[in-house]
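# Coordinates in review
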Amino acid sequence: MTVTLASATLASLSHRTGLAVLDHLERSARIPVVDGLHAQGDLIVVPLPLIASSVQARPRARWTDVPPEGVELLRGAAGGNPHTLVADPGTCRWTADVADAEGLALGIFEASSVVYLLHPEHGGTGCAPGAYVVRRQREQWSRGSDLVARLVAD
């Protein structure tokens, strides 16, 4: 996994999209850009080639361009804060029409330049150009002697 720094800051993304972030976040910090697996709260972003054998866009999937104000991918548990995919015009497309053997995928995006995930509590994370699957995260916990899997609630 490679991490680089892009020129975007939390303040510039928040201003451009109109999406607010919480006061505890440092708005002047540059947002790191990752070309590998990374997580943001209850989401995990996986490069498509890593799981292409189990997750694909459906053959007649409807793709939409991601507008500058972004696309809400998931809202936190109990109607909480949204995870929003943000991109420059014409640089990213998104589909929620996916087949996923594990049922965790929210969708796939393909980006020709850096795109960002923005969240009011977690701030921003950048994704290098490429194809990615956005999935819900699972965690395991013990219930007596059994291990139980559940979705991460953010």
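Everything in this summary refers to the structure shown in the same document. Predicted model only: the values in this text are computed from it and were never measured.

Calculation criteria
- Residues numbered from 1 in each chain as written.
- Predicted model: local features only at pLDDT ≥ 70, side-chain atom pairs only at ≥ 80, totals over all residues.
- Heavy atoms only, no water.
- Helix = DSSP H or I, 4+ residues; strand = E, 2+ residues; numbered from the N terminus.
- Polar contact = N/O pair within 3.5 Å; in protein donor to acceptor, adjacent residues only side chain to side chain.
- Pairing = 2+ DSSP bridges.
- Core = buried A, V, L, I, M, F, W, Y, C linked by side-chain atoms within 4.5 Å.
- Buried < 20%, exposed > 50% of the residue type's maximum accessible area, 1.4 Å probe, protein only.
- Contact = heavy atoms within 4.5 Å.

### Some thoughts on the side chain of His83
Summarising the element assignment, His83 is placed in strand 8 (residues 82-86). In this structure the side chain of His83 is engaged in a polar contact, spanning 2.8 Å, whose partner is the side chain of Gln40. At 2.7 Å, the side chain of His83 and the side chain of Asp42 are in polar contact.

### What about the sheet that holds strand 6 (residues 64-65)?
Strand pairs in the sheet, formed through backbone hydrogen bonds, run parallel or antiparallel to each other. Ordered by their spatial adjacency, 6 strands build an open sheet running 3-4-14-11-9-6, and the pairing between neighbours is antiparallel. A strand with exactly one partner marks an edge of an open sheet, and here the two such strands are strand 3 (38-40) and strand 6. Bridging between strand 4 (residues 43-47) and strand 14 (residues 130-136) involves 5 bridges; their strand directions are antiparallel. Note that in strand 14 the partner of Leu43 across the bridge is Arg136.

### Overview of the nonpolar core
In terms of nonpolar packing, the biggest core is built from 22 residues, with Val66, Leu73, Leu85, Cys92, Trp94, Phe109 and Val115 touching the most fellow members. Other than its neighbours up to four places away in sequence, Leu85 contacts Val66, Gly70, Val71, Leu73, Cys92, Trp94, Phe109, Val115, Tyr116 and Leu117. Residues Leu48, Ile51, Ala105 and Ile108 belong to the second largest nonpolar core, which totals 9 residues.

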